[in-house]
Structure formats: structure tokens, C-alpha cells
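# Tertiary structure, described
Here's the letter readout for the chains.
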Amino acid sequence: MFGLAKSSTLRARGVMGMNQRNISYIARYNDRSLYPNVDNKLRTKELALEEGIAVPDLLGTVSYQHDVEEVFDMLPKDQGFCIKPSKGSGGKGILVITSRDENGFMKASGSYVQEQDIVRHISNILAGLFSLGGDADVAMVEALIEFDPIFAGYSHEGVPDIRLIVFKGYPVMAMLRLATHASDGKANLHQGAVGVGLDITTGNAISAVQYSELVTHHPDTDKVLRDISIENWRSLMTLASKCYEVSGLGYLGVDLVLDKHRGPLVLELNARPGLAIQIANQKGMLENLRHIESLKLRRALNVEQRIDYVLENFAVGR
Ligand SMILES: Nc1ncnc2c1ncn2[C@@H]1O[C@H](COP(=O)(O)OP(=O)(O)O)[C@@H](O)[C@H]1O
Ligand SMILES: [Mg+2]
């Protein structure tokens, strides 16, 4: 089984391990001074908007405990919303509310929370409970992303996102993450979401995992995961590739969502993207990374040229 194979076997398959990622890629290609661009979701939003890149709408922020009650003025009356820590990761501290009625605020799973739960949640965010290094944080209120109907039946009770690993501006590997009942409205693998490896040149599903085990069907809806194919794939590759210039990071995880009304949006950027994407793809990413490292170009390529290059050179099965 891929997830449990010996490390020598994994190396032979070009699978990158944690130490190698940290030393040979993150430390070498990601300038530490640029981390705040991506470790703080508010900053990432600003940078993306400056570059004309669409992001989920920010409805407001709460920075201080004595202002927590102000959140109720920010919340839309007849639409859903999402409250998240600006320095969070891995889906921690994310509260997705899809609607509200006389019973309170309804979560993606169908269960309800009340005003006092929201107050407590925001206090926890401000105290740094979910944030990198436990730093004091800011709570962000975002408009609810309404996912594209092409994912109906594939993502259960939550918005799916598409993760691309972008190396020196070239997309090298991709995965679709689908929410499950277990993941409670979030598409993070550690929360129990399903990861579907996608052919980086076509957006067609290759294989899928949940909790590092191969799966063929969505655990809640039973839909066949292999049938997934993302439309307009090139436009998503292009959007992800642009985030290289936005962030300045050489080894980057770009998370995109497809909003029903607004189209592709950049949800967040990551300077230390996880390695499970290789399990979802049943393939290591070292081959593509080394291919890009070995390029000898007289001048750097622009975004469209980089995408052309990937389409020509990284088709699965070559
Ligand atoms: N505005 C939103 N509307 C609906 N779902 C959201 C929203 N923001 C985040 N989510 C859900 O939560 C997951 C994690 O959000 P993200 O912003 O990527 O934070 P993290 O850094 O913790 O991964 C997303 O993949 C998505 O499933
Ligand atoms: Mg994320």
C-alpha cells in the first residue's frame, strides 16, 4: 500500500519526505521574510486584490475581546458566512454557517450553534487557540462560498477546494479536496476530507484517499471519485501560477475554490504545503520538482509560457 510503503520504496517512486521538503525546498526557495504574506490570511487577501486576483469577500474582522459583540453587526441576515482565525491552518478554528433561522445558526452539518457559541469561538480565536505558534490572532468573517454545482454529490456538507503545488511558478501537482460529514464543513485532509489526485495537465481525477487510505467512492454520497474532471483547468493552473508572483514564494501551496457566482477564487496560500498530495496522486512529486530545477532558461518565462511548458512536459503517463 502506498501509504505504508517502506521509505526506500517511496524514494524510488520519487516521493518527497518531510525532511527533504523542509531542507531542499522550503528552506531553499521560500525566503523567511515573505512568510507573513501567506501566514496571515488578511495579508494574503490584500496582496491578491492588489494583483487583481479574486478572493472570498471579507465582511469584517474582530481584533479585541471588548469588540466581540460587534461581530453580530457584520453577519449577513439572510446568507451564510464563515468565521476563521487569520493565522490558522489545517481547518482549525473554522466555523462555517450556512444559514440562520429561529433555532439559531446552522452549520454545514445541519447542527445549530447559538450567539454565545459564536462569542466563545471568537474569544478562542483572539486568544490564539488555533493560530501558528499560539500567537494572539484576529477573527475574520468571510462571505460563505457557495460551491459550483459541478461538485454536487462529491463534496458533502462543505466547500471543496483545489490545492496546486506551484514550484518556481510552475504547477507541479494538484488535488481536489472534498468535504465529508466527518470534516464538518471543511475540506482539510486532517479533518477527514477526501483528497482526489488530479492530473496536473488536465484536471482529471487519478486516485483518491481519506485518512491516507485509498478510496474509490465518496464515503457519504457513494459517488465514484474517478469520474471527476475539473472544467477550464488551464484557467485554474494560470490563477495558481500567478500566485508565485503574488507571494514571491518558490515552493508554494495554492488553494482555490470555485464559487457558483464568482468563479475561481484564491482561498489561501501556504508556505509549507503538506505531502499527502502525493498519496492522493499515488505518485511522488520529486520528478517534476527536479525537472523544473534543471531548466536552463535564458530568461524567466511568463505565466502563460509556464503553463504551456507544464502542459507539454508533465502529462501523466509520460
Ligand atoms: N468563506 C468560506 N465559505 C465556506 N467554506 C469555507 C470558507 N472558508 C473556508 N471554508 C472551508 O474551510 C476550509 C479551510 O479553509 P482555509 O481558509 O483554507 O483555512 P485553513 O488554513 O485552516 O486550511 C476550506 O477548504 C473550505 O472547505
Ligand atoms: Mg486551507
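Residues numbered from 1 in each chain as written. Chains lettered and ligands numbered in written order. Predicted model: local features only at pLDDT ≥ 70, side-chain atom pairs only at ≥ 80, totals over all residues. Heavy atoms only, no water.

### Let's talk about the pairing of strand β7 (residues 161-167)
Within β7, seven of the seven residues are buried, leaving the element largely enclosed by the surrounding structure. Judged by which residues are buried, β7 turns out to be covered on both faces: D161, R163, I165 and F167 on one side and I162, L164 and V166 on the other are all buried. Judged from the seven bridges that link them, β7 and strand β8 (residues 170-178) form a sheet pairing that is antiparallel. Its bridge partner lying in β8, L164 is registered against A174. Counted along the chain from β7 to the antiparallel partner β8, the turn is two residues long, and its residue K168 has a positive phi close to 50°. Alignment of β7 against strand β12 (residues 251-259), held across six bridges, turns out to be antiparallel. In the strand pairing of β12, I162 is matched with L256. (Buried < 20%, exposed > 50% of the residue type's maximum accessible area, 1.4 Å probe, protein only. Helix = DSSP H or I, 4+ residues; strand = E, 2+ residues; numbered from the N terminus. Pairing = 2+ DSSP bridges.)

### Re the site of ligand 1
Neighbouring residues of ligand 1: 22 residues in total, closest K41, K84, G91, V159 and N188. For ligand 1, an oxygen atom lies 2.7 Å from a polar atom in the side chain of K84. A187 is positioned with one of its backbone polar atoms (N or O) 3.0 Å from an oxygen atom of ligand 1. For ligand 1, whose unbound accessible area comes to 550 Å², protein coverage reaches 99%. Every element with two or more residues in the shell around ligand 1 is listed here: β2 (81-85), β6 (139-143) and β13 (263-270). When its residues are assigned to classes, the shell around ligand 1 shows nine nonpolar, six polar and seven charged. (Near = heavy atom within 4 Å. Polar contact = N/O pair within 3.5 Å; in protein donor to acceptor, adjacent residues only side chain to side chain. Areas by Shrake-Rupley, 256 points an atom, 1.4 Å probe, with all protein chains shown as cover. Nonpolar A, V, L, I, M, F, W, Y, C, P; charged D, E, K, R; others polar.)

### Examining the sheet that holds β6
Sheet architecture is open: six strands sit in the order β1-β6-β2-β3-β4-β5, paired in antiparallel fashion. Taken across any chain shown, the strands that pair with only one partner, and hence form the sheet edges, are β1 (58-62) and β5 (112-113). In terms of strand pairing, strand β4 (residues 104-107) meets β5 through two bridges, oriented antiparallel. Paired with F105 across the strands is V113, a residue of β5. Against the sheet, helix α4 (residues 41-50) touches β1, β2 and β6, its axis set at about 45° to β6. In the packing of helix α6 (residues 115-126) onto the sheet, contacts are made with β1, β2, β3 (95-101), β4, β5 and β6, and the angle to β2 comes to roughly 30°. (Contact = heavy atoms within 4.5 Å. Axes fitted to C-alpha atoms, helices over the stretch in contact; angles between N-to-C directions.)

### What to know about unusual backbone geometry
Not every positive phi belongs to a glycine, and S212 is a case in point at roughly 65°. Note that S212 resides in the loop between β10 (205-210) and β11 (213-215). The phi angle at D222 is positive, at roughly 65°, despite the residue not being glycine. As for its placement among the helices and strands, D222 is situated in the loop between β11 and α7 (233-247).

### A word on the environment of A48
The residue A48 is located in helix α4 in this model. Sequence separation between A48 and S247 is 199 residues, and the spatial gap between their C-alpha atoms is 8.6 Å. Ignoring anything within four residues of it in the chain, the contact list for A48 reads I53, V55 and V246.

### So, the domain arrangement of the protein
Here the domain parsing of the protein yields domain 1 (2-54 + 148-313) and domain 2 (58-143). Domain 1 puts 13 residues into the contact, and the matching count from domain 2 is 20 residues. Taking both sides of the interface into account, the surface hidden between domain 1 and domain 2 amounts to around 1,400 Å²; carbon and sulfur atoms contribute 55%. Here domain 1 and domain 2 share two salt bridges between them. Residue K107 pairs with D184 through a salt bridge whose shortest N-O separation is 3.2 Å. Taken together, the links from domain 1 to domain 2 amount to six residue pairs in polar contact (both at pLDDT 80 or more). Looking at the side of domain 1 that touches domain 2 element by element, the count peaks at three residues for α4. Here the residues of the side of domain 1 that touches domain 2 are counted per class, giving two nonpolar, five polar and six charged. (Domains from an automatic or database assignment. Buried area = accessible area lost by both parts, 1.4 Å probe. Salt bridge = Lys/Arg side-chain N within 4 Å of Asp/Glu carboxyl O.)

### A closer look at the packing of aromatic side chains
Counted by the stated rule, this structure contains six aromatic pairs. A ring pair is formed by Y170 and Y309, whose centres lie 6.0 Å apart and whose planes are at 80°; its orientation type is edge-to-face. With a gap of 139 residues between them, Y170 in strand β8 and Y309 in helix α10 (residues 303-313) connect regions that are remote in the sequence. Following the ring pairs from residue to residue traces out a cluster consisting of Y25, Y29, F167 and Y251. A cation over a ring is seen here: K223 above Y154, with NZ or CZ 4.7 Å from the ring centre. (Phe/Tyr/Trp six-rings, centres within 6.5 Å; stacked < 30°, edge-to-face > 60°. Lys NZ or Arg CZ within 6 Å of the ring centre and 35° of its normal.)

### A word on the nonpolar core
In terms of nonpolar packing, the biggest core is built from 64 residues, with I162, V196, I230, W233 and Y251 touching the most fellow members. Excluding anything up to four places from it in sequence, I162 contacts F151, M175, L176, L198, I230, W233, L236, V254, D255, L256 and L258. Counting 20 residues, the second-largest nonpolar core is a separate cluster that includes V68, I125, F130 and V141. (Core = buried A, V, L, I, M, F, W, Y, C linked by side-chain atoms within 4.5 Å.)

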